[in-house]
Amino acid sequence: MDKPIADIWFGVEPCEGRITHIRETHIDQWAAGDIWLIHGAERDLVFDTGTGLNSPAPIMAMLSDNPKIAVASCYYYDHAGGLYAFEEQACHRMEANSMIAPPGDEESLLDEEFYALPYEGFKAGDYIQKPANPTLLLEDEEIIDLGNRKLTVLHIPGRTPGSLALWEEETGFLFGGETAFVDPFNHDFPPENREQYEESLRRLGRLPITKIFGGHYGSFGPEQLERLIENEIGRYQ
């Protein structure tokens, strides 16, 4: 059966704390990461940018007039694929080369993961992650100031060498990226470095978190993060 061509690619959901959840609704949630728009007084922050099959920049412009900084939690295609679309592009310094020359992990994208197509005749094998050009290389505990709110960069290696999360101390919000999300299907997803991954999870577990905005499958609470950490530590021996 032929799949339809999507008229609207992104779904938008307002969340608490002046945060907007943007998702590529025509791709399985495992195969396309969540996008979080964090609204500030002087500028906004786009945390993760999806696959980039359709540019996320126009929908961001519709949601806010503020200038935007886009931050990728890691170099994977489903988190950094749309980074190219923004003027201000940020990642951890250890991911920069993989943003400039993507390593090709998008080969894992499958036709059956699409419910509708971005254009006529599209095949998953056609997709190639577009190179980005990071304008800002981030370090651990660096502060990103949006005017009325400050986000702390947390370098949490393990999934990838330069994986990062963002922590807003004032609200207790954590933007977990590829490291912190609750997978209802419990996919087997070994980290690149198990020891670093487990230590990064322990670091997150020590924070006074009130809510986590995950890399896939939406947001969740601190109790679920505790269970995630318990389940993941020791899983990959």
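Residues numbered from 1 in each chain as written. Predicted model: local features only at pLDDT ≥ 70, side-chain atom pairs only at ≥ 80, totals over all residues. Heavy atoms only, no water.

> Just checking my understanding: could you explain helix H5 (residues 222–232) for this structure?
It helps to recall that an α-helix has 3.6 residues per turn; residues three or four apart then point in one direction. Along H5, the positions that sit buried rather than exposed are Leu-225, Leu-228, Ile-229 and Glu-232. In a view along the axis of H5, the buried residues occupy a sector of 95°, so they form one face of it. What points out from H5, more than 90 degrees from its buried face, is the exposed set Glu-223, Glu-226, Glu-230 and Asn-231. Contact partners of the buried residues in H5: helix H4 (194–205), strand E12 (211–214) and strand E13 (219–220). Just beyond H5, the residue with positive phi is Gly-234, at close to 90°. (Buried < 20%, exposed > 50% of the residue type's maximum accessible area, 1.4 Å probe, protein only. Helix = DSSP H or I, 4+ residues; strand = E, 2+ residues; numbered from the N terminus. Arc of directions from axis to C-beta. Contact = heavy atoms within 4.5 Å.)

> When you look at the sheet that holds strand E9 (residues 150–155) in this model, what are you seeing that I'm missing?
Strand-to-strand pairing in sheets goes through backbone hydrogen bonds, with the strands running parallel or antiparallel. Sheet architecture is open: six strands sit in the order E8-E9-E10-E11-E12-E13, paired in mixed fashion. The sheet terminates laterally at strand E8 (143–145) and E13, the two strands that pair on one side only. Looking at chain direction, E12 and E13 are connected through two bridges and run antiparallel. Looking at E13, one finds that Phe-213 is bridged to Ser-219. (Pairing = 2+ DSSP bridges.)

> Would you mind showing me how to read the sheet that holds strand E5 (residues 68–71) here?
Taken in spatial order, the seven strands make up an open sheet running E1-E2-E3-E4-E5-E6-E7, and their pairing is mixed. Lying at the two open borders of the sheet, with one neighbouring strand each, are strand E1 (10–15) and strand E7 (136–138). When strand polarity is set aside, the average angle formed by the axes of neighbouring strands in this sheet is 25°. As defined by bridge partners, strand E6 (residues 88–92) adjoins E7 across three bridges and the pair is classed as parallel. In the strand pairing of E7, His-92 is matched with Leu-138. (Axes fitted to C-alpha atoms, helices over the stretch in contact; angles between N-to-C directions.)

> I'm lost on the pattern of salt bridges in this one. Help?
Applying the stated criterion across every chain yields a total of 14 salt bridges. We note a salt bridge from Lys-211 to Glu-16, for which the minimum N-O separation is 2.8 Å. With Lys-211 in strand E12 and Glu-16 in the loop between E1 and strand E2 (19–24), this pair connects stretches of sequence that are 195 residues apart. Judged by relative accessible area, Glu-16 falls into the partly exposed class, the value being 43%. With its nearest N and O atoms 3.9 Å apart, the salt bridge here joins Arg-159 to Glu-232. (Salt bridge = Lys/Arg side-chain N within 4 Å of Asp/Glu carboxyl O.)

> Is there a simple way to think about the pairing of strand E4 (residues 44–47) in this case?
Every regular strand shows the same layout, with side chains that alternate between the two sheet faces. Every second residue of E4 is oriented toward a common face, with Asp-44 and Val-46 on one face and Leu-45 and Phe-47 on the other, all of them buried. As paired strands, strand E3 (residues 35–38) and E4 are joined by three bridges and run antiparallel to one another. Following the sheet pairing, Ile-38 is matched in E4 by Leu-45. Taking the residues between adjacent antiparallel strands as the criterion, E3 and E4 are bridged by five residues. Across four bridges, E4 lies against E5 in parallel orientation. Paired with Phe-47 across the bridge in E5 is Val-71. Taking the sense of rotation as the criterion, the β-α-β connection linking E4, helix H1 (residues 57–63) and E5 turns out right-handed. (Right-handed = clockwise from strand over helix to strand, strands pointing away.)

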